[in-house]
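Below are the chains, spelled out letter by letter.
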Amino acid sequence: MFQLGFIGTGSMASALVTAAAAGGHGGECLLSNRTQAKAQALAARCGCTAAASNEEVARSARFILLGVKPNMLGGVLAGIAHILEERRAEGDEFVLVSMAAGVTIKSLQSMAGGAYPTVRILPNTPCAIGRGMVLVTAGDGVQPAQTDELCALLAAAGRFDFVDEELMDAGGTIAGCTPAWAYLFIEGLADGAVEAGVPRAKAMEYAAQAVLGAAAMCLEDGAHPGPLKDAVCSPGGSTIAGVHALERAGVRGAAMDAVKAAFDRTRELGG
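Per-chain numbering applies: the sequence of each chain, read as written, is numbered from 1 onward. Predicted model: local features are reported for residues with pLDDT of at least 70 only, side-chain atom pairs are reported and counted for 80 or more only, and whole-chain, interface and lining totals are derived from all residues. In computing side-chain values, all of the structure's heavy atoms are included and hydrogens and water are not.

Before going further, it helps to spend a moment on the overall build of the protein chain. On a plain count of helices and strands, the protein chain comes out with eleven helices and eight strands. With the C-alpha coordinates of the protein chain rotated into their principal frame, the extents come out at 75 × 35 × 30 Å. Here's how the labels work: a residue is buried when its accessible area is under 20% of the maximum for its type, exposed when over 50%, partly exposed in between, all with a 1.4 Å probe on protein chains only. Counting over 271 residues, the protein chain shows a buried share of 37%. For the protein chain, contacts bridging at least 24 residues in sequence account for 64% of all contacts bridging at least 6. The charge count treats Lys and Arg as positive and Asp and Glu as negative. His and the chain ends do not count. Charge positions come from single atoms, namely NZ of Lys, CZ of Arg, CG of Asp or CD of Glu. Counting 20 positive and 27 negative side-chain charges, the protein chain places the averaged centre of each group 6 Å from the other. Helix numbers and strand numbers start at the N terminus; a helix is a DSSP run of H or I with at least 4 residues, a strand a run of E with at least 2. The contact definition used throughout considers only heavy atoms, calling two residues in contact when any of these lie within 4.5 Å.

Spelled out as structure tokens, the structure:
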């Protein structure tokens, strides 16, 4: 019996597999993917086992992690529903773990054909390097010890936060989508530095490390970013001139618009 069984090895699932392996649990992971070669390559890199099918994962894992897109979830669950029913009839304990944004626990259970113990998690890609943010919510029938065990197996992914399901989509939007938006910002900062004469590699390093450090200062003591920003802005200095340029361009409003657009799309995808 494997502890973690991954159905689908896309970006988010791959990040969690990598984290599990970093935590010493690679040998406890069983992987399947629509393109089997992709699962085999990830398994070889992380010391996991590649499965021949989704059915094998459903039959052999305690935690069955569903790493497929919301529009594919129904078909995947329909394909393993008979195995889940067999395991329940035999008294074999398992937990469904979904990474699908916008799909509620109730909907997942309906698609699976039974009120099986179900957990929703929303990770992000920095989980692959231990700097991730993972939101967790558990449905009825999931024991606290089970969610604790799941988080322990994936502990090397980064931070975990337990939230009510009503907050999963909104919280998952900011946690899951922000890396992509941050990459845009880092790239823009680096481009500006290149224009000012800094070599490309150094510009990227300086921008990325500065953003990393700024984020760490927000997390370290729970400090609000406003006073942290003010502390860098000397009167008549270069930083406040740059802040003015960003405000003139509407960066703050654009960030809010990005979160709202992503949240609305998440709700659409979840049906």
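In terms of strand pairing, strand β7 (residues 132-138) meets strand β8 (residues 158-162) through five bridges, oriented parallel. Residue pairing for β8: Val-136 is matched across the bridge by Phe-162. By convention, a crossover is right-handed whenever its connection, traced from the first strand over the helix to the second and viewed with the strands pointing away, goes clockwise. Read as a crossover between parallel neighbours, the route from β7 over helix α6 (residues 144-153) to β8 is right-handed. One bridge is not enough; two strands pair if DSSP finds at least two bridges between them.

For this analysis, a salt bridge means a side-chain nitrogen from Lys or Arg found within 4 Å of a carboxyl oxygen belonging to Asp or Glu. Tallying each qualifying case throughout the model produces eleven salt bridges. The salt bridge partner of Glu-85 is Arg-88, with a shortest N-O separation of 2.8 Å. Here Glu-85 and its partner Arg-88 are both found in helix α4 (residues 70-89), three residues apart, which amounts to about one turn of the helix. We classify Glu-85 as partly exposed; its relative accessible area is 36%. You can call Arg-88 partly exposed: its relative accessible area is 41%.

Here the focus is the packing of helix α7 (residues 168-195) against helix α11 (residues 251-269). The description of two helices packed together rests on the angle between their axes and the distance between the axes. Running from N to C, α7 and α11 cross one another at 120°; their axes reach a closest spacing of 9 Å. When the axes of α7 and α11 are compared, the pair comes out oblique. Pair α7 / α11 crosses with right-handed handedness. For the pair α7 and α11, the contacting residues are Asp-169, Ala-170, Thr-173, Ile-174, Cys-177 and Trp-181 in the first and Ala-258, Val-259, Ala-262, Phe-263, Thr-266 and Arg-267 in the second. Amino acid classes used here: Ala, Val, Leu, Ile, Met, Phe, Trp, Tyr, Cys and Pro are nonpolar; Asp, Glu, Lys and Arg are charged; the rest, including Gly, are polar. Grouping the amino acids of the contact of α7 with α11 by side-chain chemistry returns eight nonpolar, two polar and two charged. For every element, the axis is a line fit to its C-alpha atoms; helices are fit only across the contacting stretch, and the angle between N-to-C directions ranges from 0 to 180 degrees. An angle counts as roughly parallel when it lies under 35 degrees, as roughly antiparallel when it exceeds 145, as roughly perpendicular when it falls between 65 and 115, and as oblique in every other case. In a left-handed crossing the near helix is turned counterclockwise from the far helix by less than a right angle, and in a right-handed crossing that turn is clockwise.

Now for the pairing of strand β1 (residues 2-7). Burial of β1 is extensive: five of the six residues sit out of reach of the surface. Examined bridge by bridge, β1 and strand β4 (residues 61-66) share five bridges and lie parallel to one another. Pairing of Gly-5 across the sheet is with Ile-64, part of β4. Direction of pairing for β1 relative to strand β2 (residues 29-32): parallel, over a ladder of four bridges. Directly across from Gly-5, in β2, lies its bridge partner Leu-30. Read as a crossover between parallel neighbours, the route from β1 over helix α1 (residues 11-22) to β2 is right-handed.

The next point concerns the layout of surface pockets. The computed volume of the second largest pocket comes to approximately 930 Å³. Considering the residues around the second largest pocket, the lining is formed by 38 residues, among which Met-12, Gly-67, Val-68, Lys-69 and Pro-70 are closest to the centre. At the level of secondary structure, the elements contributing two or more residues to the lining of the second largest pocket comprise α1, α4, α7 and α11. Take the lining of the second largest pocket: its biggest share by element is eight residues, from α7. For cavity detection a 1 Å grid was placed over the protein atoms alone, and a set of points counts as a cavity when a 1.4 Å probe fits there but cannot get out; an open set counts as a pocket when protein lies on both sides within 12 Å along at least five of seven lines, with lining residues being those that have an atom within 4 Å of a point. Grid points are joined across faces, edges and corners, and a volume is the space filled by probe spheres set on the points.

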